[in-house]
Amino acid sequence: MRRLTPLVLAFGILLTLVAAGPALASSYRYWSFWDGSAGQWAYASLGPSMARPADGSAWGFRFAVSKDAGDEAARPRAAADFGAVCGATPAAEGKKRVAVVIDFGLPADAPSGEEPPQDAPRTACAQIAPDATAAEALAAVAKPLRYNSAALLCAVSGYPKQGCGEPLAEGPGTASSPATATASGPADGRDSASPAGSGPSAGLLVGIAAVAALAAAALWQSRRRRTR
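Residues numbered from 1 in each chain as written. Predicted model: local features only at pLDDT ≥ 70, side-chain atom pairs only at ≥ 80, totals over all residues. Heavy atoms only, no water.

Any chance you could explain the pattern of salt bridges here in plain terms?
Pairs may arise between side chains of opposite charge once their charged atoms sit close together. Applying the stated criterion to the full structure yields 3 salt bridges. Between D103 and R62 there is a salt bridge whose closest N-O contact spans 3.8 Å. Here D103 is found in strand β4 (residues 96–103), whereas its partner R62 is found in strand β3 (residues 57–67), with 41 residues between them in sequence. The same class applies to D103 as to R62, namely buried. Several salt bridges share partner residues, and in doing so they unite R62, R77 and D103 into one network. (Salt bridge = Lys/Arg side-chain N within 4 Å of Asp/Glu carboxyl O. Helix = DSSP H or I, 4+ residues; strand = E, 2+ residues; numbered from the N terminus. Buried < 20%, exposed > 50% of the residue type's maximum accessible area, 1.4 Å probe, protein only.)

Please clarify how the pairing of β3 should be interpreted in this entry.
Counting buried positions along β3 gives 10 out of 11 residues, so the element sits mostly inside the fold. Pairing of strand β1 (residues 27–35) with β3, which is carried by 9 bridges, proceeds in the antiparallel orientation. Across the sheet, W34 pairs through a bridge with G60, a residue of β3. (Pairing = 2+ DSSP bridges.)

Even after reading the chapter, I still don't get the state of the cysteines, so can you show me in this structure?
Covalently bonding the sulfur atom of one cysteine to the sulfur atom of another cysteine gives a disulfide. Per the counting criterion, the structure on display carries 2 disulfides. Residue pairing for C86: its cysteine sulfur links by disulfide to C125, the two sulfurs lying 2.1 Å apart. Taking the torsion about the S-S bond as the criterion, the C86 to C125 disulfide, at about 110°, is right-handed. A residue pair is termed long-range when its members are at least 10 positions apart, and C86 in helix α2 (residues 82–86) and C125 in strand β5 (residues 122–128) qualify at 39 residues. Relative accessible area serves as the criterion here: at 0%, C86 is assigned to the buried category. (Disulfide = S-S within 2.5 Å.)

Explain the packing of aromatic side chains to me, please; I cannot follow it from the model alone.
What characterises a pair of aromatic rings is the spacing of the ring centres plus the angle enclosed by the ring planes. Enumeration according to the criterion identifies 8 aromatic pairs in this entry. Between W31 and F63 the ring centres are 5.5 Å apart and the planes differ by 50°, which places this aromatic pair in the tilted class. Remark: F63 occurs in strand β3 and W31 occurs in strand β1; sequence separation between them is 32 residues. The pair W31 / F63 is uniform in exposure class, with both members buried. Summarising the aromatic geometry, the rings of F104 and Y159 are spaced 6.1 Å apart at their centres and angled 70° between planes, so their arrangement reads as edge-to-face. Taken as a pair, F104 in the loop between β4 and β5 and Y159 in the loop between β7 (153–156) and β8 (167–168) lie far apart in primary sequence, 55 residues in all. On the basis of relative accessibility, which here comes to 0%, the residue F104 falls in the buried class. Here the aromatic residues W31, F63, F104 and Y159 are joined through ring pairs into a cluster of three or more. (Phe/Tyr/Trp six-rings, centres within 6.5 Å; stacked < 30°, edge-to-face > 60°.)

Help me understand the nonpolar core in this model?
Nonpolar side chains in soluble globular proteins tend to end up buried together. Core analysis: the biggest nonpolar cluster contains 22 residues, and W31, F33, F61, V100, I102, L138 and V156 have the highest contact counts within it. The set of elements that each furnish at least two residues to this core consists of β1, β3, β4, β5, α3 (134–142) and β7. In terms of residues, this core owes the most to one element, α3, which gives 4 residues. If you look at the next biggest cluster of nonpolar residues, it comprises 14 residues, including Y30, W34, C86 and V101. (Core = buried A, V, L, I, M, F, W, Y, C linked by side-chain atoms within 4.5 Å.)

Hey, could you run me through empty space enclosed by the protein in this one?
Which parts of space are left empty comes out when a probe the size of a water molecule is rolled across the atoms. Inspection of the entire model under this criterion finds 1 cavity of 30 Å³ or more. Lining the largest cavity are 13 residues, with R29, F63, G163, C164 and G165 positioned closest to its centre. Elements that contribute at least two residues to the lining of the largest cavity include exactly β1 and β7. Ranked by residues supplied to the lining of the largest cavity, first place goes to β1 with 3 residues. Grouping the constituent residues of the lining of the largest cavity by class yields 8 nonpolar, 3 polar and 2 charged. (1 Å grid on protein atoms, 1.4 Å probe; cavity = no way out; pocket = protein on both sides within 12 Å on 5 of 7 lines; lining within 4 Å. Points joined across faces, edges and corners; volume = space filled by probe spheres on them. Nonpolar A, V, L, I, M, F, W, Y, C, P; charged D, E, K, R; others polar.)

Is there a simple way to think about the environment of P116 in this case?
With respect to the helices and strands, P116 occurs in the loop between β4 and β5. P116 sits 12 residues away from F104 along the chain, and the two C-alpha atoms are 5.6 Å apart. Excluding its chain neighbours within four sequence positions, the residues that come into contact with P116 are F104, G105, L106, P107, A110 and Y159. (Contact = heavy atoms within 4.5 Å.)

Here it is, written out as structure tokens:
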């Protein structure tokens, strides 16, 4: 049993690191992107420059400090209701209608020195080409937009003036100043309206690798002793 102790200990540490992974995830100040095609907001799996909304769909954008995860991110505070947004806009030949909901968030989520442009979410009906993307729908109703070099959506209607999906060590509104736009978007090139990093952090992966190496060394040592 003594020979197995290092191995058991190593795997115990590994399990602890894996279990602690979600709790160590950072919060971000960013624009999240939401698909409301089914009448309820669902965290979008594609970024706005990749998603091609269908005619009659609703898409939402929410600025907030939250986790980069669908079950933890802050949803738009207006309903995903195409009829309420586009009901008064007649259909046009060669165009599709997309309901766009833009939620600038709460004052507590604003970067230092800034305030949301308006309290209530803004809604608009975008009439765009049949093959247009969600990014084009947003640009049609909410310019100017700002993206960073990783195609991360940084600002809608000029808000915020600075920053782009920066991770925050503390809660909403506690960062001393927003960072300038950096390549904090997806490292795999996937266009997105939300920061990458919803998977295991680099530190967690390094820890898992170290523990795995320790476990392998303990197993090798145990087998070596048994062959003597």
